[in-house]
Structure formats: C-alpha cells, structure tokens
Amino acid sequence: MLRTMFQHAKKHPGLIPQFCFLFVGVTGASLYLLRLASGPHVIWNRKNNPEPWNKLSPTYQYKLVAVTTDYKSLKKEGPDF
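Residues numbered from 1 in each chain as written. Predicted model: local features only at pLDDT ≥ 70, side-chain atom pairs only at ≥ 80, totals over all residues. Heavy atoms only, no water.

1. Describing the environment of Ile43
Moving on, step 1. Among the secondary structure elements, Ile43 is positioned in the segment after helix H2 (16-37).
Moving on, step 2. Note on Ile43: relative accessible area 25%, which makes it partly exposed.
Moving on, step 3. Along the chain, Ile43 and Trp53 lie 10 residues apart, while their C-alpha atoms are 9.5 Å from each other.
Moving on, step 4. When residues no more than four places from it in sequence are discounted, the contact partners of Ile43 are Asn49, Pro50, Pro52 and Trp53. (Helix = DSSP H or I, 4+ residues; strand = E, 2+ residues; numbered from the N terminus. Buried < 20%, exposed > 50% of the residue type's maximum accessible area, 1.4 Å probe, protein only. Contact = heavy atoms within 4.5 Å.)

In structure tokens:
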C-alpha cells in the first residue's frame with residue numbers, strides 16, 4: 001500500500017499534500033482515541049478496580065479544554081463511597 005502511494009506521488013506531485021493531511025488526520029484521530037480509551041470513565045479491568053471514577057479528586061479536570069471552569073476552586077459535593 002505504501003509502495004502504491006509513493007508511485008502515485010511520483011506520477012502526480014499534487015497528491016503529496018493530500019497524503020500529508022491524510023497522515024496527520026489519521027495520527028490525530030488515533031491519539032485522541034487512545035486518550036479516550038485511557039480516561040477515568042472507561043473500565044478495562046472490572047475485578048481490580050470496579051469503580052475508578054470514585055478514586056478521582058474533586059479538582060480532576062474531566063474535559064480536554066475547560067474554558068470557564070476553575071477546577072482548583074471546586075469542592076466535593078457528593079458523599080465518599
């Protein structure tokens with residue numbers, strides 16, 4: 001498959017930017033998928049840690065980008081389990 005891409009890029013140089021953007025897009029999507037799969041709401045091993053979200057501090061930043069929320073000043077409102 002890579003050989004075919006290089007052959008097409010040699011014959012049609014206009015495809016080189018398209019291959020670069022495709023590579024960047026696939027890499028970014030893969031990294032974001034890995035980030036989502038390692039979050040606190042995903043359980044990979046239910047026997048050792050059945051509820052991992054209960055072990056997080058109340059100042060843990062859940063969102064990727066928090067524009068208006070200051071997580072340092074938050075206080076825990078729920079009970080400890």
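On we go.
2. Regarding the environment of Phe19
Moving on, step 1. With respect to the helices and strands, Phe19 occurs in helix H2.
Moving on, step 2. Accessibility expressed as a relative area gives 22% for Phe19, which makes it partly exposed.
Moving on, step 3. The spacing of Phe19 and Ala9 is 10 residues in sequence and 8.5 Å in space, taken between C-alpha atoms.
Moving on, step 4. What Phe19 contacts, discounting residues up to four positions off in sequence, is Met5 and Ala9.

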